[in-house]
Amino acid sequence: MRYLVRARVKPGREADLLEAIERNTLGRGSVAEGEYLRNMQDARVCADETARWVEVCYCPTPLQEERPYWEQYFELERVQDAHDRRKCRDENGTKPWACGDCDCTARLGQKLRNSGSSFLDELRSKTCLGKRRR
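In this text the structure is predicted, and so the values were computed from the model without any measurement.

Engineer: Hey, could you run me through the sheet that holds strand 5 (residues 117-118) in this one?
Structural biologist: As a general point, the strands of a sheet are linked pairwise by backbone hydrogen bonds and lie either parallel or antiparallel. Here 5 strands make up an open sheet; going across it, the order is 4-1-3-2-5 and the pairing antiparallel. Looking at strand neighbours, the two that pair on one side only are strand 4 (74-81) and strand 5, the edges of this open sheet. In terms of strand pairing, strand 1 (residues 2-9) meets strand 3 (residues 51-56) through 6 bridges, oriented antiparallel. The residue of strand 3 that forms the bridge with Val5 is Trp53. Against the sheet, helix 2 (residues 33-42) touches strand 2 (44-45), strand 3 and strand 4, its axis set at about 140° to strand 3.

Here's what the structure looks like:
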């Protein structure tokens, strides 16, 4: 299943998150290891200053396996189905593991790409500003 995630970086965790992304250690040890870095590459900052991204997850509970990795850095404000579960081929059993190469959320992905600004650019900017103020 694909989920639209809305989250805020926990105060004081920006530099640690950026370091984990840049060192490719974000999500290390998780079965979804590379997915975390892809999510951060695609994440956007919206008008309400939340980061948003579409995440693939095969757990019976949304982000069950990923949640502890995300919660090191983020307050997860909302995790919602990115599309109708009944139409998800993995979820309805017509094609196991379908979400990995499915384009079911292509429109949502495009909408996100055209909204807000790059989460990574914003994170780098805030982190660099914070370092200069010290």
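On we go from here.
Engineer: Explain the nonpolar core to me, please; I cannot follow it from the model alone.
Structural biologist: A general tendency of soluble globular proteins is for nonpolar side chains to be buried together. Ranked by internal contacts, the top residues of the largest apolar core, which has 29 residues, are Leu17, Leu26, Met40, Trp53, Trp70, Phe74 and Phe119. Listing elements by their share of this core, those giving two or more residues are strand 1, helix 1 (14-22), helix 2, strand 3, helix 3 (67-70), strand 4 and helix 5 (119-133). Not counting residues up to four positions away in its chain, the partners in contact with Leu17 are Val9, Leu26, Tyr73, Phe74, Phe119 and Leu123.

Engineer: Help me understand the packing of aromatic side chains, please; the structure alone is not making it clear to me.
Structural biologist: Here a ring pair, both rings aromatic, is described through the centre-centre distance and the interplanar angle of the planes. Summed over all chains, the structure comprises 6 aromatic pairs. Pairing Trp53 with Trp70 gives two aromatic rings, centres 4.7 Å apart and planes at 45°, and the pair type is tilted. Taken together, the residues span a long stretch of sequence, with Trp53 in strand 3 and Trp70 in helix 3 at a distance of 17 residues. The two residues Trp53 and Trp70 agree in class, both being buried.

Engineer: I would appreciate a short explanation of the pairing of strand 1 in the present structure.
Structural biologist: For a regular strand, side-chain orientation follows a simple rule: the groups alternate between the two sheet faces. Of all the 8 residues making up strand 1, 6 are buried; the element is thus mostly covered by neighbouring parts of the structure. Here strand 1 pairs with strand 4 via 7 bridges, running antiparallel. Paired with Tyr3 across the bridge in strand 4 is Asp81.

The rules behind the values
- Think of each chain on its own: its residues are numbered from 1, step by step along the sequence as written.
- Where totals are concerned, whole chains, interfaces and linings use all residues; where local detail is concerned, this predicted model gives features only for residues with pLDDT of at least 70, and gives and counts side-chain atom pairs only at 80 or more.
- Computation of side-chain values covers all heavy atoms of the structure but excludes hydrogens and water.
- One requirement defines pairing of two strands: DSSP has to find at least two bridges between them.
- Secondary structure follows DSSP: runs of H or I at least 4 residues long count as helices, runs of E at least 2 residues long count as strands, and numbering of each begins at the N terminus.
- Contacts are assigned to residue pairs with any non-hydrogen atoms lying within 4.5 Å of each other.
- Here the axes come from fitting lines to C-alpha atoms, over the contacting stretch only for helices, and the angles between their N-to-C directions go from 0 to 180 degrees.
- Definition of nonpolar core: a set of buried residues of the types Ala, Val, Leu, Ile, Met, Phe, Trp, Tyr and Cys, connected through side-chain atoms within 4.5 Å.
- To sort residues, take the accessible area from a 1.4 Å probe on protein chains only and compare it with the maximum for the residue type: under 20% means buried, over 50% means exposed, and anything in between is partly exposed.
- Any Phe, Tyr or Trp ring, taking Trp's six-membered ring, that has another such ring centre within 6.5 Å forms a pair; planes under 30 degrees apart are called stacked, those over 60 apart edge-to-face, and the others tilted.

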